[in-house]
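Commentary on secondary and tertiary structure
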Amino acid sequence: MTLQEEITRRRTFAVIAHPDAGKTTLTEKLLLFGGAIQQAGAVKARGENRHARSDWMKVEQERGISVASSVMNFEYENITFNLLDTPGHEDFSEDTYRVLTAVDSAVMVLDSAKGIETQTKKLFEVCRLRNVPIITFINKLDREGLDPFCLLDDIEKTLALDVTPASWPIGMGKDFLGCYDLLNDQLILMNKTGSKTLINSTIETCKGLDDPKLDALLPAHAVAKLREDVTMVRELCPAFDKELYLAGALTPVFFGSAINNFGVKEVLEGLHNLAPTPREQPAAERTVSPSENKVTGFVFKIQANMDPKHRDRIAFMRICSGHFKRGMTLNQVRTGKGLKVPTPVMFLAQERELAEDAYAGDIIGIPNHGQLRIGDTLTEGEKLHFTGIPSFAPELLKSVRALDPLKSKHLGNALQQIAEEGGASVFKPIVGAEWIVGVVGALQFEVMADRIRTEFNIPVAFEPTQYYTARWVECDDKNIMKKFLDANQISIAEDHDGATVFLARNAWHLNKV
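What you are looking at is a predicted structure, and each value in this text was computed from that prediction instead of being measured.

Structural notes on the confidence of the model for the protein chain
Mean pLDDT over the protein chain: 84, with 87% of residues reaching 70 or higher. Across residues 39-56 the pLDDT falls below 50, and counting only partners more than four positions away or on other chains, this stretch makes 54 contacts in the model. Long-range and interchain partners of residues 59-68, a stretch whose pLDDT sits below 50, account for 41 contacts in this model, where long-range means more than four residues apart.

Now the structure itself:
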């Protein structure tokens, strides 16, 4: 297969949603239908089935929420999909924002009872900055929810996005019978007693809405309402336009119930047929085309301790161009050094396998010992700096100490590893022996404490600190910098990279400087 043919086979997408809209459940079911897993672990199931496959961290399994994005690679009908499941909780939005720089399209999951929620809107705005095409999946049709027309209106008005229903629900809640596929003119009926691990629908091909087959298969009132609704939809909503979808201006809307395996296959088919192939990536120097022969890529995430038995550290790299082969030596632009990649890996959440080769659009993991940082660019020699990978100033600061004083030294190593993942900022004040941790959301402190306890066996306590916020300090003139450091010694710290940071005690202190 030629380079161009391999690239054309790639689809790299993220699943975004407000917490509890059913994002992780949809991710599991996409993997199930894609043949990547044999049994989906429903989030609320019992016993061994309880944990979703993409929620592999111990803390995620204990709490039933996603706190780290995970990457899953699977094949479906000769297309290679790279699926990135993201945390829905706003306290972990840093991770999600970075992931959205590494994808070419997204699936937005909405709860049919709630419509657009705050976190959905925030994540959509990040997608809009990069004109990421979005497919919408309205979930939980097996429960009572808002009228479908109200949901379409909500998407259109709240997100300023044109909508085109790709399917239309027949009933809702206990009266939910299935959907009518508007793109292919077929009736998709839900099997009420179906298995939760198999495709749970019967497809009947129809010749339009006037097909007498509809009257035979559905109750009279449901057929009448379906015909009336679809007539209105076709009058009120624009016809599907692939160019507008690829430009991020229109979203096809699918309806279904992920927990019941209904409507998921249609979303997968939608991604297969509609989602874009790898797109061009912006760099400070120029725009990089995926079909270029030379390999380029950027690191958008680092994860430590994916395998608790080994203190490993994996850098997730999005390949932007070229054909990557195992054993290649790539140039790390930030340091100017060569980096040999003998054991690159492909993922299914925590599980992984050696990647012999990879193409533009693929996500590979590079095991390393701290050489790679978030935002690093790797090339075959050209000096490029990919843009758009966000970094955030922490909004909440606390000091952290080991409950066992003998483990204080090891605590520093644990904090260093977690800081390198980009999940939190860690500061060591020049004066004093305490460690200061800065995060964007309060739940991150709890998750950090859990991770340090389970992964490093160091119970810790987070305590209030006198500091209010942190700002990084840079200056080309060494004399001015020295003067500033001498004058503010008690407020100066270093982060995990050794960069100078000013810790302000309050807003007045920050503005005074």
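Considering the packing of aromatic side chains
Scanning all chains against the criterion turns up 11 aromatic pairs. With a centroid separation of 5.6 Å and an interplanar angle of 50°, the aromatic rings of phenylalanine 298 and phenylalanine 386 are classed as tilted. Residue phenylalanine 298 is located in strand β14 (residues 296-304), and its partner phenylalanine 386 is located in the loop between β23 (377-379) and β24 (396-402); the two are separated by 88 residues in the primary sequence. Relative accessible area serves as the criterion here: at 2%, phenylalanine 298 is assigned to the buried category. Ring centres of phenylalanine 445 and phenylalanine 462 lie 5.2 Å apart, and the angle between their planes is 50°; this geometry places the pair in the tilted category. Of this pair, phenylalanine 445 sits in helix α12 (residues 443-456) while phenylalanine 462 sits in strand β27 (residues 460-464), and the two are 17 residues apart along the sequence. Across the pair, phenylalanine 462 and phenylalanine 445 agree in class, each one buried. In this structure, lysine 301 packs its charged tip against the face of phenylalanine 316, placed 5.6 Å from the ring centre. One cation-aromatic arrangement involves lysine 398 over phenylalanine 445; the distance from NZ or CZ to the ring centre is 5.1 Å.

Here's the deal with the pattern of salt bridges
Tallied over the entire structure, the rule returns 20 salt bridges. For the salt bridge of aspartate 362 with arginine 10, the shortest nitrogen-to-oxygen distance reads 3.0 Å. Here arginine 10 lies in strand β1 (residues 10-17) and aspartate 362 lies in the loop between β21 (357-359) and β22 (363-367), a separation of 352 residues in the sequence. Relative accessible area serves as the criterion here: at 0%, aspartate 362 is assigned to the buried category. Classification of arginine 10 by relative accessible area gives buried; the value is 7%. Put simply, arginine 234 and aspartate 185 hold a salt bridge, and the shortest N to O gap is 3.8 Å. With arginine 234 in helix α8 (residues 220-236) and aspartate 185 in the loop between β8 (178-181) and β9 (186-190), this pair connects stretches of sequence that are 49 residues apart. For arginine 234, a relative accessible area of 46% gives the class partly exposed. You can call aspartate 185 partly exposed: its relative accessible area is 25%. Here the salt bridges share partners, and the residues they tie into one network are Glu6, Arg9, Arg10, Glu75 and Asp362.

As for helix α2 (residues 23-33)
When you tally the buried positions in α2, you get 11 out of 11 residues, the bulk of the element. Of all the positions in α2, only Lys23, Thr24, Thr25, Leu26, Thr27, Glu28, Lys29, Leu30, Leu31, Leu32 and Phe33 are classed as buried. Just downstream of α2 lies glycine 35, where phi reads positive at about 80°.

Quick word on helix α10 (residues 264-274)
Helical geometry: 3.6 residues make up each α-helical turn, so side chains three or four residues apart lie on a common side. The buried fraction of α10 is high, at 8 of 11 residues. For α10, the full list of buried residues reads Val264, Glu266, Val267, Leu268, Gly270, Leu271, His272 and Leu274.

Quick notes on the packing of helix α11 (residues 408-420) against α12
Here α11 crosses α12 at 120°, and the two axes come no closer than 11 Å. By the angle class used here, α11 and α12 are oblique. For the element pair α11 and α12, the recorded crossing hand is right-handed. Every residue of α12 that contacts α11 at Leu411, Ala414, Leu415, Gln417 and Ile418 is listed here: Met448, Arg451, Ile452 and Phe456. Here the residues of the contact of α11 with α12 are counted per class, giving 7 nonpolar, 1 polar and 1 charged.

Quick look at the sheet that holds β24
Strand order in the open sheet formed by 7 strands is β27-β24-β26-β25-β29-β30-β28, and the pairing between neighbours is antiparallel. Where the open sheet ends on each side, the last strands, each with one partner, are β27 and β28 (469-472). Averaged over all adjacent pairs, the angle separating strand axes in this sheet is 40°, with direction ignored. Bridging between strand β29 (residues 492-494) and strand β30 (residues 500-504) involves 3 bridges; their strand directions are antiparallel. Within the sheet, the bridge partner assigned to alanine 493 lies in β30 and is valine 501. Relative to β24, α11 is tilted by about 145°, and along the sheet it contacts β24, β25 (425-429), β26 (435-439) and β27. Strand contacts of α12: β24, β26 and β27, with the helix running at about 155° to β27, the strand carrying the most contacts.

Cut-offs and rules
Residues numbered from 1 in each chain as written. Predicted model: local features only at pLDDT ≥ 70, side-chain atom pairs only at ≥ 80, totals over all residues. Heavy atoms only, no water. pLDDT = per-residue confidence, 0-100. Contact = heavy atoms within 4.5 Å. Phe/Tyr/Trp six-rings, centres within 6.5 Å; stacked < 30°, edge-to-face > 60°. Helix = DSSP H or I, 4+ residues; strand = E, 2+ residues; numbered from the N terminus. Buried < 20%, exposed > 50% of the residue type's maximum accessible area, 1.4 Å probe, protein only. Lys NZ or Arg CZ within 6 Å of the ring centre and 35° of its normal. Salt bridge = Lys/Arg side-chain N within 4 Å of Asp/Glu carboxyl O. Axes fitted to C-alpha atoms, helices over the stretch in contact; angles between N-to-C directions. Parallel < 35°, antiparallel > 145°, perpendicular 65-115°, else oblique. Left-handed = near helix turned anticlockwise from the far one by under 90°. Nonpolar A, V, L, I, M, F, W, Y, C, P; charged D, E, K, R; others polar. Pairing = 2+ DSSP bridges.

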